[in-house]
Structure formats: structure tokens, C-alpha cells
Amino acid sequence: MDPNPPFFTTYKALLDSQPHSSDIDQTVIAEECELPIIDLNCLNGKHHEEQCKRDVKVAASEWGFFQVVNHGISNSILDRLREVQFDVFRQPFQKKASEKLLDFSPENYRWGTPRPTSLKQLSWSEAYHVPLPPSTDVTKASPRHIIEEFSTAMLRLAHQLVGILAEGLGGYDGTYIKENCTRNTCYLRLNRYPPCPVKTGVFGLIPHTDSSFLTIVRQDQVGGLQLMKDGRWITVKPNLDALIVNIGDLFQAWSNGVYKSVEHRVMSNPQLERFSVAYFLCPSYDTVIRSYAEPAIYTKFSFGEYKQQVQEDVRRTGHKVGLSRFLAQSA
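All figures in this text were calculated on a predicted structure; none of them were measured in a lab. (Residues numbered from 1 in each chain as written. Predicted model: local features only at pLDDT ≥ 70, side-chain atom pairs only at ≥ 80, totals over all residues. Heavy atoms only, no water.)

Attention now moves to the sheet that holds strand β9 (residues 225–229). With respect to topology, five strands assemble into an open sheet ordered β1-β10-β9-β12-β7, the strand pairing being mixed. In the strand order of this sheet, the two ends are held by β1 (31–33) and β7 (203–208), each with one partner. When the angles between neighbouring strand axes are averaged without regard to direction, this sheet yields 35°. Inspection of the sheet shows β9 paired to strand β12 (residues 264–267) by three bridges, in the antiparallel sense. Pairing of Leu 227 across the sheet is with His 264, part of β12. (Pairing = 2+ DSSP bridges. Helix = DSSP H or I, 4+ residues; strand = E, 2+ residues; numbered from the N terminus. Axes fitted to C-alpha atoms, helices over the stretch in contact; angles between N-to-C directions.)

Looking now at the state of the cysteines. The full count for this structure, using the stated rule, is zero disulfides. You can see Cys 42 has no disulfide; the closest cysteine sulfur is in Cys 52, sitting 5.2 Å from it. Accessibility expressed as a relative area gives 25% for Cys 42, which makes it partly exposed. Of the cysteine sulfurs around Cys 282, a residue in no disulfide, the closest is that of Cys 186, at 6.1 Å. (Disulfide = S-S within 2.5 Å. Buried < 20%, exposed > 50% of the residue type's maximum accessible area, 1.4 Å probe, protein only.)

The UniProt record marks residues 182–283 with the feature "domain: Fe2OG dioxygenase" (unreviewed entry), using the residue numbering of this structure. The span residues 182–283 shows a helical share of 6% and a strand share of 45%, and its end C-alpha atoms are spaced 7 Å apart. (UniProt positions renumbered as here; feature names shortened; annotations may be inferred.)

On to empty space enclosed by the protein, then. Tallying each qualifying case throughout the model produces one cavity of 30 Å³ or more. Across the lining of the largest cavity, the residue classes break down as five nonpolar, three polar and one charged. (1 Å grid on protein atoms, 1.4 Å probe; cavity = no way out; pocket = protein on both sides within 12 Å on 5 of 7 lines; lining within 4 Å. Points joined across faces, edges and corners; volume = space filled by probe spheres on them. Nonpolar A, V, L, I, M, F, W, Y, C, P; charged D, E, K, R; others polar.)

Enumeration according to the criterion identifies 15 salt bridges in this entry. Among the ionic pairs, Glu 126 bridges to Arg 192, the shortest N-O distance being 2.7 Å. With Glu 126 in strand β5 (residues 126–131) and Arg 192 in strand β6 (residues 187–193), the pair connects residues that are 66 residues apart, well separated along the chain. Here Glu 126 and Arg 192 have matching classes, each one buried. Between Arg 192 and Glu 273 there is a salt bridge, with the nearest N and O atoms lying 2.8 Å from each other. With a gap of 81 residues between them, Arg 192 in strand β6 and Glu 273 in the loop between β12 and β13 (274–281) connect regions that are remote in the sequence. (Salt bridge = Lys/Arg side-chain N within 4 Å of Asp/Glu carboxyl O.)

Turning to the side chain of Lys 229, a few remarks are in order. Examined against the element boundaries, Lys 229 turns out to sit in strand β9. Taking relative accessible area as the criterion, Lys 229 reaches 16% and is therefore assigned buried. Once residues lying within four places of it in the same chain are set aside, the contact partners of Lys 229 are Glu 62, Trp 63 and Ile 234. (Contact = heavy atoms within 4.5 Å.)

Looking now at unusual backbone geometry. The linkage connecting Glu 294 with the following residue, Pro 295, adopts the cis geometry, with an omega of -5°. You can see Pro 295 is positioned in the loop between β14 (288–289) and β15 (301–302). Unusually for a residue other than glycine, Asn 70 sits at a positive phi of about 50°. Summarising the element assignment, Asn 70 is placed in the loop between β3 (65–69) and α5 (75–89). Take Asn 70: its relative accessible area is 42%, and that puts it in the partly exposed class. We note that Arg 115 has phi near 50°; this positive angle belongs to a residue other than glycine. Mapped onto the elements of the fold, Arg 115 is located in the loop between β4 (109–111) and β5.

What follows covers the pairing of β12. Across a regular strand the side chains alternate sides, sitting on one face of the sheet and then on the other. Residues of β12 alternate between two faces, with His 264 and Val 266 on one and Arg 265 and Met 267 on the opposite face, all of them buried. Bridge count for β7 against β12 is three bridges, and the pairing is antiparallel. Bridging from a neighbouring strand, Leu 205 pairs with Val 266 of β12.

Moving on, we get to the packing of aromatic side chains. All told, the structure shown has 22 aromatic pairs when counted by the stated rule. Seen from their ring centres, Phe 7 and Trp 124 are 4.3 Å apart, and the 20° between their planes marks the pair as stacked. Placement of Phe 7 in helix α1 (residues 7–10) and of Trp 124 in the loop between β4 and β5 is noted, with a sequence separation of 117 residues between them. Of the two residues, Phe 7 and Trp 124, neither departs from the other in class, the shared state being buried. (Phe/Tyr/Trp six-rings, centres within 6.5 Å; stacked < 30°, edge-to-face > 60°.)

This part is about α5. The end-to-end C-alpha distance of α5, which contains 15 residues, comes to 21 Å, matching closely the 21 Å that a straight helix rising 1.5 Å per residue would cover. Ile 77, Leu 78, Leu 81, Val 84, Gln 85, Val 88 and Phe 89 are the residues of α5 that are buried. The buried residues of α5 occupy an angular sector of 120° when projected down its axis, which confines them to one face. In this structure, the buried residues of α5 make contact with α6 (93–98), β5, α7 (143–167), β6, β8 (214–219) and β13. (Expected span 1.5 Å × (residues − 1). Arc of directions from axis to C-beta.)

Right, dumping it as C-alpha cells:
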């Protein structure tokens, strides 16, 4: 009745063939830092509102990541969602992979990495990708109700941040993003990172950028999130009072490179399991993404085209290429 996916049996040949993966060993050592912290309460006071907005814009352009406190998501919602995560992820692996559990479908359950060819391509984690269309006949105590309550609050927060960031581009209000990123087009990813005793060092989640406009994350006290800053990896110090916000590829393209979608990863832990939940602000697949300014760094593309290209690159090369596939000819 083991809750952990069968990493050792599934990837045995890969683990046996690469017992001393040199460059992954080095990634464990990284300086710990605290991301910029934005107190959103300051938006309610005339004296601090403009400074708060400037802080958001600077963090998004210089870091691509920041933290928000007093964000309006109640501890009650966060704690109830965490209990749901505990309940579903600690079910036996075979049930997660084959049965509907607590409103979660096995079709939305993911683990590991499809067809990795090296340890650098292996993610030692499991997740539920949860679509967010409105549900009917939902009881107040059900996991689906908790998810809907959480996602509604997250969408409100994401739209608030979009408005601030769009305003920083010269008077825009973010209407285009808000109208195209609705509760029906966004999704949650519930993550669990089991302990990973492999001594050569394996990623909990391989390096990547997000294909969203914005991603909002709540992590636990275990830590392990790292991001690329000034050409080196830094470890994000956990802050249970804060939510982490990061810029996605779509916002980098729409802002014409003003806001940065930064590469990040999760390091595995040999003794402790880690939980996180991520909310992805995404549009429908037919939404066209184009730069707000000219000359544009990137060609216009639909979100569906972007996702299809990402999937093709991962299938062919083992990793995501991302926005560089859509550079304008003049760039």
C-alpha cells in the first residue's frame, strides 16, 4: 500500500547507468535568499499605494519572482486545501493511478518524467493537474468546493496583480489578460515531492519556465525551490505567511520582455516530503498572444500553438525550448 510512485523500478536502468552524475551533484549547493516581499495591504493607503505598485513592477522585471503577504487568501482555505492534498497523495499509488479519489481523476494524475534519457530530465515528484470549470451539485465540505473556493480567491488575486503590472507598461489596465484568463481556463497543480534517497542528486522538478501569464504558489516549510538569478541558482527561503508569484512566458511575450519569465526548479530532499500548490493564470487555447508594443520581440502566436510547440520540443529533445522558438525575425 505504498503511496510513492515506483521510481526505482521504472527508472532502474537510468539510475544504474548514471551513478555519478557530476553536474547534478553541484546543483544542491546554492545560496539561500528571501525573495522581494510585497505587502498588499499597502494598496489600501494613499501614502503607500504607488510605492507598493512600483515594488511589484521592479520585482517582476528584475527577479521574475516575488512574494506577497496580506494577499486576501484566508488561512482557513489554505489549511483545508492542504488537508485535501495530504488525503489524496497518501493514498496507495495504485489507487491514484487507476481510481477516482476525492474528486480527483486518474487522468489528471502525473508522476516522474516520460522517457527521460538522463537524470537531468527526471522529476522525482507526483502531481494532480486540476482543471477548473464550474461544478454543480457540490457539497460545502467536498474537495471540489474547497478547490473552487481557493481558485476563486486566487483568480481575484491574479487579476489584481495583472492590473498593477499592466499599468506599469504605460497606462494599460490588463483588460485583455483578465478577459481571456477566466476561472474556466486556469488550472491548479497539486504537488507532492516524496523523499529521494538517490545520492547522486535528482531534481524534484526539472528546470523550466511556466507557460502561463502568472503562477501563484504556496509552498510548505521544507523548501527546495530554486530560481536562476544573475546566472546562478539561488534557493528561495520558505515563508509560510507569503504566496510566491512568478511571471510566465505569456506575460514576458505580452510585455515585450519587460517582465521576465525566469527558469526555476525544485530540488529533491533525501528525508522529507514536500507539498506545494500552484495556480496557473492561463487563457483559452485559441487566445492570441501579441506584444503590447512595437517593434515586437516575439511573433504573435496562440496559446494552443505555444503549448503544442512545447510538447513537441519535449518529445524530441527532452526539454522545453519555450519563447526562443517565437522570436521575431528582426530580433
